[in-house]
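# Per-entry structural report
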Amino acid sequence: LMKMGAATEFQLRMGLTPSHTRDDGHLFYNYENYAESFINQNGVPTPTSADYFGGTINNIASLIDTNQYDGDNPDPNIAVRSDIGLSEYTNANFFSEDTIINSDFPYPQITQQTPIVERTITNNLWNTTYPRQYYLKNCCGETNEGQGYLLAAVDYLDYWRQQYPLLSFTLPKIPVLDDNVYKDYASLLLPRAVGYSAGLLNYFFRGSIEISLPDSGVYATTDDPNLGFTTITLQARNNTPNNEEMPDGSIELVVKYRLALEDPFQSKAVLTTEDFYYIVVQESNGIRSIPRNTSLDLTFDLNPAIPLYATDVYLQIVYNGKLGNEDGAVAVGFKDISEPTPVDLFNNMDKICLNGTWYDAGSAEAIAQVDTNQNGIADEWDVYAHDLSDAYLKVSPSGSPMPASPQDYTFDPYTVPAGTLYRAYILGDIQLGYGDYAKVAILDANDFWIHDNAVFQWLMTGSTIKNQVDYNVESQEECAKVGADAPCDIRSYPVFYTFRNRNIWGRAGFILDNPKYPPDADCPWELLQDAE
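Notes on the structure in this doc start here. (Residues numbered from 1 in each chain as written. Predicted model: local features only at pLDDT ≥ 70, side-chain atom pairs only at ≥ 80, totals over all residues. Heavy atoms only, no water.)

## Observations regarding the overall build of the chain
Looking only at helices and strands, one finds nine helices and 25 strands in the chain. In summary, the chain has a C-alpha radius of gyration of 37 Å against a globular reference of 24 Å for 532 residues, an excess of more than 25%. Residues counted as buried form 48% of the 532 residues belonging to the chain. A fraction of 67% describes how many contacts in the chain between residues 6 or more apart in sequence connect residues 24 or more apart. Here the chain has roughly 26,100 Å² of accessible surface; of this, 50% comes from carbon and sulfur atoms. When the 31 basic and 72 acidic side-chain charges of the chain are each reduced to a single mean position, those positions are 8 Å apart. (Helix = DSSP H or I, 4+ residues; strand = E, 2+ residues; numbered from the N terminus. Rg over C-alpha atoms; globule rule 2.2 N^0.38 Å. Buried < 20%, exposed > 50% of the residue type's maximum accessible area, 1.4 Å probe, protein only. Contact = heavy atoms within 4.5 Å. Areas by Shrake-Rupley, 256 points an atom, 1.4 Å probe, with all protein chains shown as cover. Lys, Arg positive; Asp, Glu negative; His and termini not counted. Charge placed at Lys NZ, Arg CZ, Asp CG, Glu CD.)

## What to know about the environment of glycine 362
With respect to the helices, strands and loops of the structure, glycine 362 is situated in the loop between strand E15 (357-360) and helix H8 (364-368). Exposure remark for glycine 362: the relative accessible area of 26% places this residue in the partly exposed category. It is 34 Å that separates the C-alpha atoms of glycine 362 and methionine 402, two residues lying 40 residues apart in sequence. Ignoring any residue separated from it by four or fewer positions in sequence, one finds glycine 362 in contact with Ile367, Val383, Tyr384 and Ala385.

## Some points on the nonpolar core
Counting 58 residues, the largest nonpolar core has Ile232, Leu234 and Leu253 as its most contacted members. Sequence-distant contacts of isoleucine 232, defined by excluding residues within four places in its chain, comprise Tyr219, Ala220, Leu253, Leu298, Thr299, Phe300, Leu302, Ile306, Leu315 and Leu427. (Core = buried A, V, L, I, M, F, W, Y, C linked by side-chain atoms within 4.5 Å.)

## Things to note about the packing of helix H3 (residues 31-42) against helix H7 (residues 179-204)
Running from N to C, H3 and H7 point in directions that differ by 70 degrees, and their axes come no closer than 10 Å. On the basis of the axis angle, H3 is roughly perpendicular to H7. Between H3 and H7 lies a crossing whose hand is right-handed. Contact residues: H3 offers Tyr31, Tyr34, Phe38 and Ile39, while H7 offers Asp179, Tyr182, Lys183, Tyr185, Ala186, Leu189 and Leu190. (Axes fitted to C-alpha atoms, helices over the stretch in contact; angles between N-to-C directions. Parallel < 35°, antiparallel > 145°, perpendicular 65-115°, else oblique. Left-handed = near helix turned anticlockwise from the far one by under 90°.)

## Overview of the packing of aromatic side chains
Going through the model one piece at a time under the given rule, you end up with 18 aromatic pairs. Their ring planes at 10 degrees and their centres at 5.5 Å tell us that tyrosine 257 and tyrosine 277 sit as a pair that is stacked. Note that tyrosine 257 is positioned in strand E8 (residues 248-259) and tyrosine 277 in strand E9 (residues 277-282), a separation of 20 residues in sequence. Three or more aromatic residues joined by ring pairs make a cluster, and in this case those are Tyr89, Phe94, Tyr149 and Tyr185. Here the basic side chain of lysine 256 rests over the ring of phenylalanine 276, its NZ or CZ set 4.4 Å away from the ring centre. Over the aromatic face of tryptophan 505 sits the side chain of arginine 507, whose NZ or CZ is 4.6 Å from the ring centroid. (Phe/Tyr/Trp six-rings, centres within 6.5 Å; stacked < 30°, edge-to-face > 60°. Lys NZ or Arg CZ within 6 Å of the ring centre and 35° of its normal.)

Now the structure itself:
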């Protein structure tokens, strides 16, 4: 950013100061002083389409000098086009203080063909006004779309010539520059300088990197709440225009996030830090190039880790190296990813729905519902509690969701006892695919029901958590909900539902039940909201 800022200031000064382009020193009051004062009072002007660089930027020098105008061109009209360098345009069309006459630069010229116009001047010293003469530039390059502009003023003795006409014979007219001339200069130079500087910034930011999910389907995982996310894996692709390659450079990941000051896994907007935290790390496997035609896996070991209480999480990839023909270029990729999202596997098989009522599985009350011979053993339906064994969870891209299996999984809790919750966490895209795989394990000696082929395997598409500030929301309806006028900033937060005294993110998890008896029995989960 320092490099770009310095280059932009240099570019602006090249346009703001003709003396820079005409090898002219400027110790005293000059155009640069006027232009800086003008900007301080009026701000930077907005360029028109004609003020932007119209040539091809092969390097920074392309914006300054394209070697098209050298002062000897037979047709100096080349010096008004937008595809020449800013110094060429300035040199050919504007005077500096000491290069008006007897100059090494053939253009611009004050000739007999240059008309003289008058402007009313106020003499603050004598509190009088008088018409001052100016040379109007209306040919040979820039002409302000045919309207002309003040090229130079008749020198300051012009006032006395007008008061005493005889002095005209002894005081020849010597052109000079004053604030009226500078004002006309600024009207043409400033917008073009701003437009060219925009081209310079676009040149610096032309390098572009696309960030996407890796084949695993997630950027990061953890099943340890205390550890957080220690590794980020993503796919990156060079999508810079003009087929410029990224063959060799450093690759860094910047993680940006706020930190929740209370548990963020609840249905309300929680307080967070105002400032962002940043983690900056190098690519972990020594990769130094990013291809154009395919995506490449990049891995970053984080130190420190992304905490589980992170909100407003963003990823940036920064490539610094060779880009096309330029060394030391910078390319950036940006991704707004999810906030830490729980992926749940709740084993609800310590409960069972019988005849529209929830019972503790394996309890005498539950067995009595299906004990036809009154011997204390369920012989009409399996009402016993079950653990989950060989349990696996799979997260995958939403466009191609993949089922979980012992051979393909993201998390392997393996055993989830009846009545317990296994919870892991991910960072991913907004929409993802979720799959589970688990076998039913027998716990009760009286459970003679056959479970060899009893396998849960479900697949769904769900969403991750969004817990961040949305800036400049334009919907008045949405802004009104937070008591603001559009546009406004709104913090989005997740909405959980309570199941057995736990906040569950149902869009990314599974609750596994015993089969109901009879199969069409209706026992809403809401009835277990406060159950242990």
